[in-house]
Amino acid sequence: MNCLLLPIENFSSDAAYIDELSQINHVNKVLTAKVGDMLKIGQMGGYLGTAVIESIRSDAIELRDIQLTTAPPPKLDLTVVLALPRPKVLRRLIMDMTALGVRDIILINSYRTQKSYWQSPMLERLDEFVLEGLQQGVDTIAPRITLQKRFKPFVEDELAGLVTNRAIVAHPYSELSFTQYLQQQPSLGLPSLVCIGSEGGWIDYEIALLATQGCAAVTIGSRILRTEAAVNVILGQWLLS
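Rules behind the numbers
- Residues numbered from 1 in each chain as written.
- Predicted model: local features only at pLDDT ≥ 70, side-chain atom pairs only at ≥ 80, totals over all residues.
- Heavy atoms only, no water.
- Pairing = 2+ DSSP bridges.
- Helix = DSSP H or I, 4+ residues; strand = E, 2+ residues; numbered from the N terminus.
- Axes fitted to C-alpha atoms, helices over the stretch in contact; angles between N-to-C directions.
- Disulfide = S-S within 2.5 Å.
- Buried < 20%, exposed > 50% of the residue type's maximum accessible area, 1.4 Å probe, protein only.
- Core = buried A, V, L, I, M, F, W, Y, C linked by side-chain atoms within 4.5 Å.
- Contact = heavy atoms within 4.5 Å.
- Parallel < 35°, antiparallel > 145°, perpendicular 65-115°, else oblique.
- Left-handed = near helix turned anticlockwise from the far one by under 90°.
- Salt bridge = Lys/Arg side-chain N within 4 Å of Asp/Glu carboxyl O.

1. Re the pairing of strand 8 (residues 144-148)
In step 1: One ladder, built from 5 bridges, connects strand 7 (residues 102-108) with strand 8; its direction is parallel. Residue pairing in the sheet places I108 in a bridge with Q148 of strand 8.

2. What to know about the sheet that holds strand 7
The strands that make up a sheet are held in pairs by hydrogen bonds between backbone atoms, and each pair lies either parallel or antiparallel.
In step 1: Spatially, 6 strands are ordered 8-7-6-10-9-11 in an open sheet, and the strand pairing comes out parallel. At either end of the open sheet lies a strand with only one pairing partner, and these are strand 8 and strand 11 (215-218). Between one strand axis and the next, the sheet turns through 20 degrees on average, direction left out of account.
In step 2: Note that strand 9 (residues 167-170) and strand 11 share 4 bridges and pair parallel.

3. Looking at the state of the cysteines
In step 1: For the coordinates displayed, the defined rule picks out 0 disulfides.
In step 2: Its sulfur unpaired, C215 is 4.2 Å from the next cysteine sulfur, which belongs to C195.
In step 3: Residue classification places C215 among the buried positions, given a relative accessible area of 4%.

4. Comments concerning the side chain of S198
In step 1: With respect to the helices and strands, the residue S198 is situated in the loop between strand 10 (193-196) and helix 6 (204-212).
In step 2: When its relative accessible area of 6% is taken as the criterion, S198 is described as buried.

5. Quick notes on the pairing of strand 3 (residues 38-43)
For a regular strand, the rule is simple: side chains alternate between the two faces of the sheet.
In step 1: Of the strand pairs in this sheet, strand 1 (residues 4-6) and strand 3 are connected by 3 bridges, and their pairing is parallel. Counterpart to L6 in the pairing with strand 3 is Q43.
In step 2: Sheet analysis places strand 3 next to strand 4 (residues 48-56), joined by 5 bridges and oriented antiparallel. Each residue of the ladder has a partner; that of L39, found in strand 4, is A51.
In step 3: Counted between consecutive antiparallel strands, the loop separating strand 3 from strand 4 contains 4 residues, among which G45 sits at a positive phi close to 80 degrees.

6. Quick notes on the nonpolar core
Buried together is how nonpolar side chains tend to be arranged in soluble globular proteins.
In step 1: Counting 35 residues, the largest nonpolar core has M97 and L235 as the members making the most contacts within it.
In step 2: Secondary structure elements with two or more residues in this core: strand 6 (76-83), helix 2 (87-100), strand 7, helix 3 (126-137), strand 9, helix 5 (178-184), strand 10 and helix 7 (227-240).
In step 3: Ranked by residue count, the leading element in this core is helix 2, at 6 residues.
In step 4: The contact partners of M97, leaving out residues within four places of it in the chain, are V80, L82, V102, I105, V231 and L235.
In step 5: In terms of nonpolar packing, the next biggest core, distinct from the first, is built from 17 residues, I106, I108, F154 and L210 among them.

7. Remarks on unusual backbone geometry
In step 1: Unusually for a residue other than glycine, D65 sits at a positive phi of about 50 degrees.
In step 2: Positionally, D65 belongs in strand 5 (residues 61-70).
In step 3: The class of D65 is partly exposed, set by a relative accessible area of 42%.
In step 4: Residue V138 is not a glycine yet carries a positive backbone phi of 55 degrees.

8. Considering the packing of helix 2 against helix 3
In step 1: One way to put it is that helix 2 packs onto helix 3 with a least axis distance of 7 Å and a crossing angle of 40 degrees. In this view, helix 2 runs oblique relative to helix 3, as classed from their interaxial angle. For the pair helix 2 and helix 3, the crossing hand works out as right-handed. Contact residues: helix 2 offers L90, R91, I94, M95, T98 and A99, while helix 3 offers L126, F129, V130, E132, G133, L134, Q136 and G137.

9. Section: the pattern of salt bridges
In step 1: Under the definition given, this model contains 12 salt bridges.
In step 2: Across the pair R92 and E228 runs a salt bridge whose closest N-O atoms are separated by 2.8 Å. You can see R92 sitting in helix 2 and its partner E228 sitting in helix 7, a full 136 residues away along the chain.
In step 3: R125 is the partner of E128 in a salt bridge, and the nearest nitrogen-oxygen pair spans 2.6 Å.

10. A look at the sheet that holds strand 3
In step 1: Read across the open sheet, the 5 strands follow the order 1-3-4-5-2; overall the sheet is mixed. Of all strands in the sheet, those with a lone pairing partner are strand 1 and strand 2 (15-18), marking the two edges. Sheet twist, expressed as the average angle between the axes of neighbouring strands with direction ignored, equals 45 degrees.
In step 2: Judged from the 4 bridges that link them, strand 2 and strand 5 form a sheet pairing that is antiparallel. Each bridged residue has a counterpart across the sheet, and for A16 the counterpart in strand 5 is L63.
In step 3: Across the sheet, helix 1 (residues 21-30) is in contact with strand 1, strand 2, strand 3, strand 4 and strand 5; its angle to strand 1 comes to roughly 150 degrees.

Below is the structure:
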């Protein structure tokens, strides 16, 4: 945790408290902080800053001298449409995309998404993974996350309305590289929407349907990457811009 993010109800006019067990353990066991030490904190949906430890108990840490003066970093102008991955991968992907500053995340069904993934208890823990990502990236604004279980109606009826600039779909068998795509119309800058498949990628039908809504198929290299690696490679373009 690079900051401790607290819900608004944990704040009063001049004090705050930590009552989440993992955060208490982090303060005690990782930071080995003591009464009087300063912590980096943030208010969920608000500002970032510091606080001083007033007292430490097993069930709560009291804070004083709250100073929240720093605005959170701006979100990337980006929507990621992600085919729902394996449950054990989902946590890492949500954490990474949150830490990188993705504004909107849409988890969608695809041909290669197993039906059992939609019944995974991991989907009920998305807020937990978002919190981990925010604390890693030192941010306070959560991405908007929506679930879309029907691929065709979503693509045909909603996808185009989400594109504010241009859109791409990651496809390892495309002849057009991401670099070449950007060079075609450099004045447009980076796309505002990226579609990334689960393990095994998208099938031809899905690529074709996405193309009808203006999503250009691009490759990020000759190697076929795991979903989490592909996400980080692609989103690295936004961090470097």
